[in-house]
Amino acid sequence: MTENLQLDALVDACRWIGAKGWAPATGGNMSVREDAHRCWLSESGKDKGSLTGDDFLQVDIGTNQAPSGRKPSAETGLHTLIYRLFPEAGAVLHVHTVNATVLSRVEKSAELVLCGYEMQKSLRGQSSHLDGVAIPVFDNDQDIDALARRIEHYATERPLSYGFLLRGHGLTCWGRDVAEARRHLEGLEFLFECELRLRQLEKP
Ligand SMILES: CSC[C@@H](O)[C@@H](O)C(=O)COP(=O)(O)O
Ligand SMILES: [Zn+2]
């Protein structure tokens, strides 16, 4: 494997995600972009909290194929979609946090709107708690190609920034590099926990 500092940063991020309990069992998957045509994606079925560089497979962004013949993530098609839609995206993190899993079921509409939180400013380009940040919530699907098509369609009609929720499943988020993807993950996770607690307290 060629030297890839972002892959080293991604391995660190996976350990951090594992320590947080955000990728229980074999849940979650993570990737970094290599260039316009290739990315490095976690191998399917592994414990994502204890990955090494050897557990990442080179994947063609256009075809989802891994030249190694090993099996990349079951959700490869969502990572490659993000790299195709957003040329500036350099890293993608998918986690199964309790807050993302529960809140995505509590929120019945197609978007979760976060508003009133200072921590919205952890998201690139956000400068005020007074703005609304819409995070789409897509119904989960075992057919990843069909799910990717729904997400792609959404992106033609609405701005898609930072990440999306998969209902009852988890969060997929991204950034220009691993550091930014980590910040978006930590920020969104904090905001989801606040929103969930607020909804519980405000329940009539
Ligand atoms: C308990 S793992 C559930 C999987 O189907 C999936 O959602 C996931 O996040 C991990 O799949 P993987 O193929 O290991 O990348
Ligand atoms: Zn998943």
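Parameters at a glance
By convention here, each chain's residues receive numbers from 1 onward along its written sequence. Written order decides the labels, with chains lettered from A and ligands numbered from 1. Under the rules for a predicted model, residues below a pLDDT of 70 receive no local features and side-chain atom pairs below 80 are neither given nor counted, while totals for whole chains, interfaces and linings still include all residues. Side-chain metrics in this entry use all non-hydrogen atoms of the structure; hydrogen atoms and water are not considered. Ligating atoms shown are N, O and S within 2.8 Å of the metal, or 3.2 Å for Na, K and Ca, and water is not included, meaning a site may look less than complete. Helix and strand assignments follow DSSP, with helices taken as H or I runs no shorter than four residues and strands as E runs no shorter than two, numbered in order from the N terminus. Buried means the residue's accessible area, taken with a 1.4 Å probe over protein chains only, is under 20% of the maximum for its type, while exposed means over 50%, and partly exposed covers the values in between. Residues are labelled near a given molecule or strand when at least one of their non-hydrogen atoms is within 4 Å of it. Whenever two N or O atoms come within 3.5 Å, that pair is a polar contact, provided that in protein one can donate a hydrogen and the other can accept it, and provided that, for residues adjacent in sequence, both atoms are side-chain atoms. All accessible-area figures derive from a Shrake-Rupley calculation using a 1.4 Å probe, and residue coverage is judged against the displayed protein chains alone. Any residue that is not Ala, Val, Leu, Ile, Met, Phe, Trp, Tyr, Cys, Pro, Asp, Glu, Lys or Arg is counted as polar, Gly included; the first ten are nonpolar and the last four charged.

Participant: Please clarify how the coordination of the zinc ion (ligand 2) should be interpreted in this entry.
Facilitator: Ideal coordination angles are 109.5 degrees for a metal with four donors arranged tetrahedrally and 90 or 180 degrees for a metal with six donors arranged octahedrally. At this site the zinc ion (ligand 2) is bound by H94 (NE2), H96 (NE2) and H169 (NE2), with donor distances of 2.1 Å. When the donors of the zinc ion (ligand 2) are listed by position in the chain, the intervening gaps give H-x1-H-x72-H. Here H94 is found in strand β4 (residues 91–95), whereas its partner H169 is found in the loop between β7 (163–166) and β8 (170–175), with 75 residues between them in sequence. The burial state of H94 is the same as that of H169; both residues are buried.

Participant: Explanation requested: the site of ligand 1 in the structure shown.
Facilitator: Among the 13 residues in the neighbourhood of ligand 1, the closest are listed as S44, G45, K48, S73 and E75. Here an oxygen atom of ligand 1 sits 2.8 Å away from a polar atom, N or O, in the main chain of G45. Contact between ligand 1 and H96: an oxygen atom at 3.0 Å from a side-chain N or O atom of the residue. When ligand 1 is considered free in solution it has 410 Å² of accessible area, and contact with the protein chains removes 74% of it. Of the residues assigned to the shell around ligand 1, the class counts are 1 nonpolar, 10 polar and 2 charged.

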